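Coordinates in review
Listed below, chain by chain, are the residues.
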Number of protein chains: 2
Amino acid sequence: MAETGAPEEIQVYRATWVMPITSDPIYDGAVAVKGDSIVAVAPFDKVSDAFPGARVIDFQDALLLPGFVNCHSHLEYACFRGLIDNHNFGPWILEFIGFKARLNGPDYAASAYLGAAECITSGITTVGDAMYSGESLKAIRQSGLRARAYQEALGIDDAHLDDTMARLSEKLDELREQTGDLIEIGLFPHATYTVSASLYRAIAEYARERGMMVASHVAESNEETIYIRSGTGMLALDLREKVGWDHLSRQPFGVTPVKYLQQWNVFGPDFMAVHCVHVGPRDIDVMASHDVSVAHCPKSNAKLGCGIAPLPALLEAGMRVGFGTDSPASSNIMDMFGEMRTAIFLHRGVRRDTRVLNAADCVLMATLGGARAMRMDDRIGSLEPGKQADMIAVDIKFNHFTPVHDPYSALVYGANQEDVFFTMVDGRVVYDRKVLKTLDNEKMTADALEVKNKLRS
Amino acid sequence: MAETGAPEEIQVYRATWVMPITSDPIYDGAVAVKGDSIVAVAPFDKVSDAFPGARVIDFQDALLLPGFVNCHSHLEYACFRGLIDNHNFGPWILEFIGFKARLNGPDYAASAYLGAAECITSGITTVGDAMYSGESLKAIRQSGLRARAYQEALGIDDAHLDDTMARLSEKLDELREQTGDLIEIGLFPHATYTVSASLYRAIAEYARERGMMVASHVAESNEETIYIRSGTGMLALDLREKVGWDHLSRQPFGVTPVKYLQQWNVFGPDFMAVHCVHVGPRDIDVMASHDVSVAHCPKSNAKLGCGIAPLPALLEAGMRVGFGTDSPASSNIMDMFGEMRTAIFLHRGVRRDTRVLNAADCVLMATLGGARAMRMDDRIGSLEPGKQADMIAVDIKFNHFTPVHDPYSALVYGANQEDVFFTMVDGRVVYDRKVLKTLDNEKMTADALEVKNKLRS
């Protein structure tokens, strides 16, 4: 119990289980919210005594917890879900680039609105979004999500480095004018096979000068390792041909993607490495020693045949790791519940040991862990007095939740995005009893079908 | 189009997508049902022309497909979900046995009713249920599910073999009197570490004489392999102590569990091997050559730290493989959608190749493949004229299904048990617009909470 305020300003949210994350679940718990902040988290009777006359919203058979922090997605690609399901990473990215060329700015915007809506309805309150067109910023802003919107950068030809940086800088200035209080702009050099060493360095320097955060796809696929280590494979040949880059810097670097990036001075606490599937113990040491954080995307990595990131080793090394759903183009849906349990099945299945990961570990990673990975844990990630009021309620009335022996278990093994019925970001209710409060579902669906037709034409 | 009947007897079910399994999905399709059978599966306009005046139930934005065939579960253990989530198989089974001792017949019945309800609400129309107490037969019968209800048998002490078989025979006679048209009784010798070779043989002989089907847990855990191969490990020591068997036949057999069972003449087309995690190429050859079928339970195997069954190799060997959810005591929920996508993530992740399994493969395994594994494919598993009307409708209106590029993809990557809103078994509607028609949800929930309290006491 932190403070008492004027009762009329306080809203008390009550549920069978409140899961603060930083302390044990509270049976018949409540969270008191004032404005954009949490002011109390405790058993309902205590909260009720502290704020007599406050408005009480009783969710009954529900789990009340911090909103999920989705460290990595591409909202613009929501309309691509299910379009290319059965290709390995290399052929997948080639085909994906072909489909991308069919869409224009408004199409990407339509797709991003759908993606932002899915975040809200699936209980994601903060998203790390890698923007290709930059269109998703509008969708994020209108939706009311909290976000770090990273502008993607690509460029392999150093002859155009200055141009690339000038355009990027201009784009970033433009984007910064469109953010509200809840959105921060970051930088996203796409990957080792689409961004030159010089561009990586220039971006890292630019970001550090301005206190901006950087993220990048790192060690996602075997194709990437082959390209960096040996200068060959399909990323050196087919991809270059596909995107029409005539400057083919195919010299082998002879190292892993992580070691390669280390040379260009991009690693630091402001850098998030997305994926990290193809990393060995020494790569992990390097990243851990630079306090690099990781976005773990188990579904995307498995579905694309990339493999399974060594999550237990990343955690053992003390790295800050959160979950990313990746884009619906690879993982089809942005369901953090699915990411959590898939991580458990993958890592327990491979290690043949249940001790590597449990439901509580996953819920921590999906909330406070993600907030730490994004360096936002001073504001979000747990239900504690003083933190911003980002929280969700999950319905546990369905018969497959009966009985609840443990709320972490019910959440991770039993729930999915459709059980979320209430989403609050920064004290604002953006989803209530399964109704979107900030976005027009009908319009989004109609727009998405138009995008679909373009993709299928 | 198979036959035309009196229009007043025909019900036509229409949906955006009808998925017959044995042929391509039909956009704006329909299924005509007469009594307990399917009489037509075709585009809606054709079905409509063939049966003018027939009652049309239009599901609109939905997928209509055969009900799932869940090859392996233990409905009696529904109340155990989430009770023991973080133990490896060996310690898990020890603790599980301890919890089981707290329950009596009516408790198992209450738990089985909850399990039967979950099957129906999650789109399972046929279940292969391994019964410990035998109580789940009532629940299955009242629910209206189609089932093979296997009576479990345990016994390691051959001095009591005749008694065990006599009691088993008596129990089976009793059970057979309680079945209706949709339930068949089978035999389930529990596992290699709880059933002696002589008892396996006696059961196989008994079953063959009566044309009954047999299933058994086979090669589930590393502990089982150690026990059979070396006569030691925790199944030889702790488990025996726990269950109080003083006859400890701990001699090492020096072979794998599959090779061990092969010696006792139990394998044949009437035998289903559940799990098959710890099987090598020669084990697979043995099983394939005897036309043994397999229940693949990817979630349970991974969650218990048992490992990942070599599904691609089982399928390459031409074995009949279906999915099993296993019991909620291990996998928490009986969601076939989760089993399908978990299988894709596990096998693609481990093999680093998308070609090992896709969504259509999984839907086939979850329906007709399961029916083949249970030797019921003459009646169920696909939507075809002449087959029994076992079918489900899945809602695809939620925004994470938008847009649908491919119905198989939407079903496997996007849907889960809560999207099922209609379940028909043998032409009877047992779940309609998310309302259970044969079971009392309120009573089940109350009973389950009593069982929970016993388990937690």
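Computed from a prediction, not measured in an experiment: that's the story for all the values here.

Reading guide: rules and limits
Residues numbered from 1 in each chain as written. Chains lettered and ligands numbered in written order. Predicted model: local features only at pLDDT ≥ 70, side-chain atom pairs only at ≥ 80, totals over all residues. Heavy atoms only, no water. Helix = DSSP H or I, 4+ residues; strand = E, 2+ residues; numbered from the N terminus. Rg over C-alpha atoms; globule rule 2.2 N^0.38 Å. Buried < 20%, exposed > 50% of the residue type's maximum accessible area, 1.4 Å probe, protein only. Contact = heavy atoms within 4.5 Å. Areas by Shrake-Rupley, 256 points an atom, 1.4 Å probe, with all protein chains shown as cover. Salt bridge = Lys/Arg side-chain N within 4 Å of Asp/Glu carboxyl O. Domains from an automatic or database assignment. Buried area = accessible area lost by both parts, 1.4 Å probe. Polar contact = N/O pair within 3.5 Å; in protein donor to acceptor, adjacent residues only side chain to side chain. Nonpolar A, V, L, I, M, F, W, Y, C, P; charged D, E, K, R; others polar. Least-squares fit on C-alpha atoms with pLDDT ≥ 70 in both. Core = buried A, V, L, I, M, F, W, Y, C linked by side-chain atoms within 4.5 Å. Phe/Tyr/Trp six-rings, centres within 6.5 Å; stacked < 30°, edge-to-face > 60°. Bend = angle between axes of the 7 residues up to and from the residue. Pairing = 2+ DSSP bridges.

Here we come to the overall build of chain A. For chain A, the helix and strand inventory stands at 17 helices and 17 strands. The C-alpha atoms of chain A give 22 Å as radius of gyration, which agrees with the globular expectation for 457 residues (23 Å, within 12%). Split into buried and exposed, the 457 residues of chain A put 66% on the buried side. Look at the contacts in chain A between residues 6 or more apart in sequence, and 74% of them connect residues 24 or more apart. Looking at chain A as shown, the accessible area adds up to about 15,000 Å², and 46% of this sits on carbon and sulfur atoms.

Our focus in this paragraph is the pattern of salt bridges. All names here are of chain A. Summed over the entire model, instances satisfying the criterion amount to 42 salt bridges over all chains. A salt bridge links Lys454 to Asp107, with the nearest nitrogen and oxygen atoms 2.7 Å apart. Remark: Asp107 occurs in helix H3 (residues 105-121) and Lys454 occurs in helix H17 (residues 441-456); sequence separation between them is 347 residues. Judged by relative accessible area, which is 31%, Lys454 ranks as partly exposed. What you see here is one network of salt bridges that share partners, running through Arg14, Asp28 and Asp58.

As a further point, take the domain arrangement of chain A. Residue and element names in this part refer to chain A. If you check the domain split of chain A, you get domain 1 (2-67 + 379-436) and domain 2 (68-373). A C-alpha centroid distance of 31 Å is found between domain 1 and domain 2. Domain 1 puts 31 residues into the contact, and the matching count from domain 2 is 30 residues. Across the domain 1/domain 2 interface, buried area totals approximately 2,500 Å², and carbon plus sulfur atoms make up 69% of it. Among the residues of domain 1 in contact with domain 2, Val412, Tyr413 and Gln417 are the three that bury the most area, contributing 25% of the side total. Summed over the shared surface of domain 1 and domain 2, the number is two salt bridges. With a shortest N-O distance of 2.7 Å, Asp390 and Arg146 are connected by a salt bridge. Applying the counting criterion to the domain 1 and domain 2 interface returns seven residue pairs in polar contact (both at pLDDT 80 or more). Of all the elements, helix H16 (residues 407-414) adds the most residues to the side of domain 1 that touches domain 2, at five residues.

Taken residue by residue, the interface counts 63 residues in chain A and 63 residues in chain B. With both sides pooled, the region where chain A packs onto chain B buries about 5,100 Å², and carbon together with sulfur makes up 54% of that total. Between the two partners, chain A and chain B, sit zero salt bridges. The tally of links between chain A and chain B comes to 29 residue pairs in polar contact (both at pLDDT 80 or more). Where the side of chain A that touches chain B is concerned, the elements lending two or more residues are H3, helix H11 (298-303), helix H14 (336-351), H16 and H17 of chain A. Taken together, the residues of the side of chain A that touches chain B sort by class into 24 nonpolar, 23 polar and 16 charged.

This paragraph deals with the relation of the copies chain A and chain B. Each copy of the sequence occupies a distinct position, and chain A is placed on chain B by a rotation of 180 degrees and an axial shift of 0.0 Å, giving an RMSD of 0.0 Å. Such a combination of rotation and displacement between the chain copies is what one expects of a two-fold axis. The rotation axis passes nearest to the C-alpha of Leu346 of chain A in chain A, at a distance of 3.0 Å.

What follows is about the nonpolar core. Residues Phe80, Met287 and Met340 of chain A together with Phe80, Met287 and Met340 of chain B are the most contacted members of the largest nonpolar core, which totals 263 residues. Considering each element in turn, this core owes the most residues, nine residues, to H3 of chain A. Setting aside chain neighbours within four positions, we find Phe80 of chain B in contact with His405 of chain A together with Phe96, Phe99, Lys100, Leu103, Tyr108, Pro328, Ala329 and Leu455 of chain B.

Remark: the centre distance and the inter-plane angle together describe each pair of aromatic rings, the angle taken between the planes. All names here are of chain A. Under the defined criterion, the tally for this structure stands at 38 aromatic pairs over all chains. Relative to Phe59, the ring of Tyr13 has its centre 5.8 Å away and its plane inclined at 25 degrees; by these criteria the two rings are stacked. Linking Tyr13 in strand S1 (residues 10-18) with Phe59 in the loop between strand S4 (55-58) and strand S5 (62-66), this pair joins segments that are 46 residues apart in sequence. Assigned by exposure class, Tyr13 and Phe59 land together as buried. Site record: aromatic cluster; members linked through ring pairs are Tyr77, Phe80, Phe89, Trp92, Phe96, Tyr108, Tyr132 and Tyr193.

All names here are of chain A. When the local axis directions of helix H15 (residues 359-373) are compared, the greatest deviation, roughly 45 degrees, occurs at Met365. With 11 of 15 residues buried, H15 lies mostly within the body of the structure. Buried within H15 are the following residues: Ala359, Cys362, Val363, Met365, Ala366, Thr367, Leu368, Gly369, Gly370, Ala371 and Ala373. The N-cap of H15, judged by a side-chain oxygen 3.0 Å from the amide nitrogen of Ala360 a few residues on, is Asn358. One or two positions beyond H15, positive phi appears at Arg375, with a value near 55 degrees.

Consecutive residues of a regular strand have side chains that alternate between opposite faces of the sheet. Residue and element names in this part refer to chain B. Most of strand S14 (residues 391-395) is tucked away, with four of its five residues classed as buried. As paired elements, S14 and strand S15 (residues 420-425) share four bridges and run antiparallel to each other. Note that in S15 the partner of Val394 across the bridge is Val420.

This paragraph deals with the side chain of Ser198 of chain A. Residues and elements named next belong to chain A. Looking at where Ser198 falls in the secondary structure, it is placed in helix H6 (residues 197-210). What makes Ser198 buried here is its relative accessible area of 18%. A distance of 3.0 Å separates the side chain of Ser198 from the side chain of Asp158, its partner in a polar contact.

This part covers unusual backbone geometry. All names here are of chain A. Residue Pro403 is reached from Thr402 by a cis peptide bond, and omega for that bond is -15 degrees. For Arg352, which is not glycine, the phi torsion reads 50 degrees and is therefore positive. Structurally, Arg352 is set in the loop between H14 and H15. Judged by its relative accessible area of 42%, Arg352 falls in the partly exposed class.

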